[in-house]
Amino acid sequence: MRRTVTAIVCSIICLQSFAQPDTIEIWGRKMALADYLRYQGIEKDEVRPETWGDQGDGTFVNPVLNADYSDPDVIRVDDTYYMVASDFHFLGMQMLSSKDLVNWDFTSQLYDRFDYPGWETMEHYSNGSWAPSVRYHDGKFYVYFCTPREGLFMTSSESPYGPWSKLLLVHEGAGWEDPCPFWDEDGNAYLGHSLVGAGPIIMHRMSPDGTTLLDEGVEVYRGNVAEGTKIHKWDGMYYLSIPEGGVGQGNQVVLRSESLYGPYERKVVLEKGSTKINGPHQGAIVDTPDGEWYFMHFQQTPVLGRVVHLQPVRWEDGWPVMGEDYDGNGVGEPVHSWKVPASTTGKAQKPHKPASSDKFSGKTLGLQWQFNHNPVPEAVSLTEKKGYLVTKALKAEYFHFARNTITQKLMGYSGTATVKVKLTRMADGERLGLAVMGLMEQKLGVKMEDGKKYVYLEDEIGQEVFSAPVKRSRIWLRMEYDVRDFEIKFSYAESKRRFISVGKPFVNFFGNWKGVRPALFNYNTVGEGGEALFDEFVYDFDCK
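**Describing the overall build of the protein chain**
Here is step 1 of the chain: Within the protein chain, the regular secondary structure consists of 1 helix and 41 strands.
Here is step 2 of the chain: The C-alpha radius of gyration computed for the protein chain amounts to 23 Å, which stays within 12% of the reference 24 Å derived for 544 residues, consistent with globular compactness.
Here is step 3 of the chain: When its C-alpha atoms are laid out on the principal axes, the protein chain stretches across 75 × 50 × 45 Å.
Here is step 4 of the chain: For the protein chain, the share of sequence-separated contacts (at least 6 apart) that also reach a separation of at least 24 residues comes to 60%.

Quick look at the structure:
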């Protein structure tokens, strides 16, 4: 998982050719799409991807999760698979569960804040949780991750639904990344990690309770951008599964040795090869109850971020072989489609995706939502007014620094997200609405000035490009997107049946190590005051 802003175009074999735009606009400047793709090392798509995930006929099409679940790690405990992924500056980290590795649901969030400088003042974009690992040991779930500035963290729980222990800073210090714990058969515990910038793989002895590192660590392997290690022991041999070569160009590598400290044999087990899926690496090897094996990994895309693919795995001569060796060079390549792994329940799962829409009818936010930086809990309520998410506007000069902005992942090739907002508690200086967050920030909202309300559109350079009076006490704000066409559009309505398009179509990109996201915001530019009453969030996207 090299920290470089590299992107690729979504590429799944489909039937229909399509034309992408000739030019795109970034930070208010036009540039040729071909130049952008070339600069980012992207291979231009010639076919239009249409489908992904569970096809409802016993097969799936990659990606199985067409959303930004960067650096996924997966384990199986009894009949359930559990997954965590990097969430960086969005809080908190989500755990998902599945019975078949294709259809996933949110299970819990592991923490809700970082009690360190800068997290209250919105200064940690691109920081936060990098490349977590999840393990189950002695009746307890453990999740480890590093933040590039603060150090190595751990949280644990006896249940995947929580409660999770308060984040423990196992090692204080900047510059670590991608940790993985390992408990050996003799009871001894270890932790491997790499260094920011993709340094060597370093192995530490660790206390059996997972709370303390016992030495300074020993370098056990050095490779080309070697990072993201996952530690396993199978049939008496130690295996390190690691990505090498960088996000956009890398491969998955497996090392094996009779000793955890090496020396290690090395084998490339998954590469782009003859496919369009470049950088197929960084993820988890997991087995099923009936003895099958799979590998879940990410692929970086320019808008959605790092989407998740599932590869079949077979074993040959003590090595895992991932995907299919289409070009016959002895190294696996990503598959486009495969049979859905047998459900651990004995009954095929109904095709579905993680939650997205929300009527705000519960007592807590749905697990699909994540705060941008630390939340201010006293300024957010789901119980003050039944059926509404009520947020109190805190002072911020710009959206970028607004507290209590809630977000969720952009999912699918195309979709529509619409939020209904009641405007009866606004105050002068308040701004609320729907934003698109990524490399840039575009906002469609309602502002109040001198006692009057206006719907407004603000572009990625903070320039207001549209404004019109609001005549009613409620409004619908909508974003429509098609990532294949690099196009996002805003519209609004004061009557649910009549939406008015505003501004020109625009594009946003993967940025700050995260894919593009819809976000709900509320802040005040002159002081604290005013409330947003978010009534309903309807989020529809292509499920097949």
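**With respect to the packing of aromatic side chains**
Here is step 1 of the chain: Inspection of every chain in the model, using the stated rule, returns 28 aromatic pairs.
Here is step 2 of the chain: Between Tyr 116 and Phe 153 the ring centres are 5.7 Å apart and the planes differ by 75°, which places this aromatic pair in the edge-to-face class. Within this pair, whereas Tyr 116 is found in the loop between strand E9 (104-109) and strand E10 (130-137), its partner Phe 153 is found in strand E12 (residues 151-157), the two being separated by 37 residues in sequence.
Here is step 3 of the chain: Phe 153 gets classed as buried once you look at its relative accessible area, which sits at 1%.
Here is step 4 of the chain: Put simply, the rings of Trp 52, Phe 360, Trp 369, Phe 537, Tyr 539 and Phe 541 pair up and form one aromatic cluster.
Here is step 5 of the chain: Across from the ring centre of Trp 52, 4.7 Å away, lies the NZ or CZ of Lys 353, which sits over that ring.
Here is step 6 of the chain: One cation-aromatic arrangement involves Arg 517 over Phe 90; the distance from NZ or CZ to the ring centre is 3.9 Å.

**Examining the pairing of strand E25 (residues 319-322)**
Here is step 1 of the chain: Neither face of E25 is open: one carries Trp 319 and Val 321, the other Pro 320 and Met 322, and all of them are buried.
Here is step 2 of the chain: Relative to E25, strand E24 (residues 305-316) runs antiparallel, the two being bridged by 4 bridges. Across the sheet, the residue bridging to Glu 316 is Trp 319, located in E25.

**Details of unusual backbone geometry**
Here is step 1 of the chain: Between Asn 62 and Pro 63 the backbone carries a cis peptide bond, its omega angle lying at 0°.
Here is step 2 of the chain: Of note, Pro 63 is situated in the loop between strand E4 (59-61) and strand E5 (70-77).
Here is step 3 of the chain: The phi dihedral of Met 122 falls on the positive side, at around 60°, and the residue is not glycine.
Here is step 4 of the chain: Tracing the backbone through its elements, the reader meets Met 122 in the loop between E9 and E10.
Here is step 5 of the chain: The residue Asn 512 is not glycine, and still its phi comes out positive at about 55°.

**Focus on the sheet that holds strand E41 (residues 531-541)**
Here is step 1 of the chain: Strand order in this open sheet of 7 strands is E28-E29-E41-E32-E37-E38-E39, and the pairing throughout is antiparallel. Of all the strands in the sheet, just strand E28 (380-381) and strand E39 (498-506) have a single pairing partner and so form its edges.
Here is step 2 of the chain: Where E28 meets strand E29 (residues 389-392), 2 bridges bridge the pair, whose relative direction is antiparallel. What sits directly across from Ser 381, in E29, is Val 390.

Here is what the cut-offs are and how they apply
- Residues numbered from 1 in each chain as written.
- Predicted model: local features only at pLDDT ≥ 70, side-chain atom pairs only at ≥ 80, totals over all residues.
- Heavy atoms only, no water.
- Helix = DSSP H or I, 4+ residues; strand = E, 2+ residues; numbered from the N terminus.
- Rg over C-alpha atoms; globule rule 2.2 N^0.38 Å.
- Contact = heavy atoms within 4.5 Å.
- Phe/Tyr/Trp six-rings, centres within 6.5 Å; stacked < 30°, edge-to-face > 60°.
- Buried < 20%, exposed > 50% of the residue type's maximum accessible area, 1.4 Å probe, protein only.
- Lys NZ or Arg CZ within 6 Å of the ring centre and 35° of its normal.
- Pairing = 2+ DSSP bridges.

Read these as spatial facts, not as claims about activity.
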